[in-house]
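Here is what each chain is made of, one letter per residue.
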Amino acid sequence: GKGKGKPFTTPEGGKGHTLERTRLSAEKFTGTVVEWKGKFGWVKPGEEIDHEKAKLHKGNLFVGMNDIEGATSLTAGATVEFHICEDSSGLGAEEVVQIGAPPPGAAAAAGKGAPAKGGMAKGKD
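All figures in this text were calculated on a predicted structure; none of them were measured in a lab.

Draft legend 1. Expanded view of the pairing of strand S5 (residues 79–87). Among the nine residues that make up S5, seven are buried, leaving the element largely enclosed by the rest of the structure. In terms of strand pairing, strand S1 (residues 22–23) meets S5 through two bridges, oriented antiparallel. Bridge pairing in S5 links Thr22 to Glu86. Pairing of strand S2 (residues 29–36) with S5 involves four bridges; the strand directions are antiparallel. In the sheet register, Thr30 faces S5, and the bridge partner there is Glu81. The pairing of S5 with strand S6 (residues 90–100) spans eight bridges and is antiparallel. Across the sheet, the residue bridging to His83 is Glu94, located in S6. The hairpin formed by S5 and S6 contains two residues between the paired strands.

Listed below in structure tokens is the structure:
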């Protein structure tokens, strides 16, 4: 969010995560974490984004660790909610919240006994 103590003094300077940004989304999108590299990663939006820069980076959105709400990393394969923003290098995700995790057990705790999507809770024939 705003007010985290990082003033945009110089929009240029080779620092992709500090470029001036413009928010594009009014409502939050959902998507899946493609990969996490330690301090940044990539999120695949769940729906197509109608934007000229949407095809950059294989359609994925850049996420920096400062873009995550309440955490400093994401889990590859996890479901996330986020706003979409644009800077001079392409599209990114901000205010990212991990809402579902891929490891076994995480889905069961959230679903309270409901079978996980694609899980193995199919009855025997």
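Draft legend 2. Representation of the environment of Ser89. Note that Ser89 resides in the loop between S5 and S6. C-alpha separation for the pair Ser89 and Arg21, spaced 68 residues apart in sequence, amounts to 10.0 Å. When sequence neighbours within four positions are dropped, the list of residues in contact with Ser89 reads Leu19, Leu56 and His57. Here the side chain of Ser89 touches Asp87 through a polar contact of 2.7 Å, side chain to side chain.

Draft legend 3. Main features of the pattern of salt bridges. Scanning the entire structure with this criterion turns up seven salt bridges. One salt bridge in this structure joins Lys55 and Glu48, with 2.8 Å as the shortest N-O distance. On the accessibility criterion, Lys55 (62% relative accessible area) is exposed. With its nearest N and O atoms 3.1 Å apart, the salt bridge here joins Glu86 to Lys53. Of the two residues, Glu86 is situated in strand S5 and Lys53 in the loop between strand S3 (40–45) and strand S4 (61–64); the sequence distance between them amounts to 33 residues.

Draft legend 4. Seen up close, the packing of aromatic side chains. Counted under the stated rule, the structure contains three aromatic pairs. Measuring from ring centre to ring centre gives 6.4 Å for Phe29 and Phe82, while their planes differ by 20°; the resulting arrangement is stacked. Placement of Phe29 in strand S2 and of Phe82 in strand S5 is noted, with a sequence separation of 53 residues between them. With respect to class, Phe29 is no different from Phe82; both count as buried. Considering the side-chain rings of Phe40 and Phe62, the 5.7 Å spacing of their centres and the 20° angle between planes classify their relative orientation as stacked. Here the residue Phe40 occupies a position in strand S3, and Phe62 occupies one in strand S4, the gap between them amounting to 22 residues. Look at Phe62 and you get partly exposed, because its relative accessible area is 22%. Taken together, the ring pairs in this structure connect Phe40, Trp42 and Phe62 into an aromatic cluster.

So, how was this worked out
Residues numbered from 1 in each chain as written. Predicted model: local features only at pLDDT ≥ 70, side-chain atom pairs only at ≥ 80, totals over all residues. Heavy atoms only, no water. Buried < 20%, exposed > 50% of the residue type's maximum accessible area, 1.4 Å probe, protein only. Helix = DSSP H or I, 4+ residues; strand = E, 2+ residues; numbered from the N terminus. Pairing = 2+ DSSP bridges. Contact = heavy atoms within 4.5 Å. Polar contact = N/O pair within 3.5 Å; in protein donor to acceptor, adjacent residues only side chain to side chain. Salt bridge = Lys/Arg side-chain N within 4 Å of Asp/Glu carboxyl O. Phe/Tyr/Trp six-rings, centres within 6.5 Å; stacked < 30°, edge-to-face > 60°.

Geometric values such as these leave the question of function open.
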